[in-house]
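Observations on the model geometry
Take a look at the letters that make up each chain.
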Amino acid sequence: KKCFACKASADLPDVLDRVVKLSSSHPDFTLKNPNRCRSLVLTFTMNAAAFHDEEGKGYKFLGDVLEKLDTINSNVAARTTAGSLIGWKRYNEKRASLMKAQLERLKSMPGISNDLLEIVTKGLK
């Protein structure tokens, strides 16, 4: 749905809160639907100001989503959304360490899929 992408790309100070609420309680959103997942989550990761929040809230949100998504659709988790964290070396030290911490968290996740493990491992090199 386009409404998910519009809300995830909004230039608002509370966009992450809005995205979290949509991902957890909107009746039309489910991680089981790859298009809706990409529409909300991937679009949010392209919202630079919100995703790259200095406190790392955007990275933690993505890590939380990837943890759930990996058990539902590992291909979408790996190929579509995990890529948003693997560019951590391009960012300042603080953001890079927060992004890398989410990759390390995912790598140590019990039962991680081979798809996600491959992307995360490459991203940590």
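See the structure above.
Okay, so let's go over this structure. (Residues numbered from 1 in each chain as written. Predicted model: local features only at pLDDT ≥ 70, side-chain atom pairs only at ≥ 80, totals over all residues. Heavy atoms only, no water.)

Glancing now at the packing of helix 3 (residues 34–45) against helix 6 (residues 74–81). Where helix 3 contacts helix 6, the two axes come as close as 11 Å, and the packing angle between them is 35°. Considering the relative orientation of helix 3 and helix 6, their crossing is right-handed. Residues Pro 34, Cys 37, Arg 38, Val 41 and Leu 42 of helix 3 form the contact with helix 6, whose own contacting residues are Val 76, Thr 80 and Thr 81. (Axes fitted to C-alpha atoms, helices over the stretch in contact; angles between N-to-C directions. Helix = DSSP H or I, 4+ residues; strand = E, 2+ residues; numbered from the N terminus. Left-handed = near helix turned anticlockwise from the far one by under 90°. Contact = heavy atoms within 4.5 Å.)

Within the structure shown, the criterion is met by four aromatic pairs. For the ring pair Phe 4 and Phe 29, a centre distance of 5.5 Å and an interplane angle of 75° mean the geometry is edge-to-face. Of this pair, Phe 4 sits in helix 1 (residues 2–8) while Phe 29 sits in the loop between helix 2 (15–25) and helix 3, and the two are 25 residues apart along the sequence. Overall, the relative accessible area of 0% leaves Phe 4 in the buried class. Aromatic side chains Phe 44 and Phe 61 sit 5.6 Å apart centroid to centroid with 85° between the ring planes, which places their arrangement in the edge-to-face category. Of this pair, Phe 44 sits in helix 3 while Phe 61 sits in helix 5 (residues 57–72), and the two are 17 residues apart along the sequence. For Phe 44, a relative accessible area of 0% puts it in the buried group. What makes Phe 61 buried here is its relative accessible area of 8%. An aromatic cluster of three or more residues is present, and its members are Phe 44, Phe 51, Tyr 59 and Phe 61. (Phe/Tyr/Trp six-rings, centres within 6.5 Å; stacked < 30°, edge-to-face > 60°. Buried < 20%, exposed > 50% of the residue type's maximum accessible area, 1.4 Å probe, protein only.)

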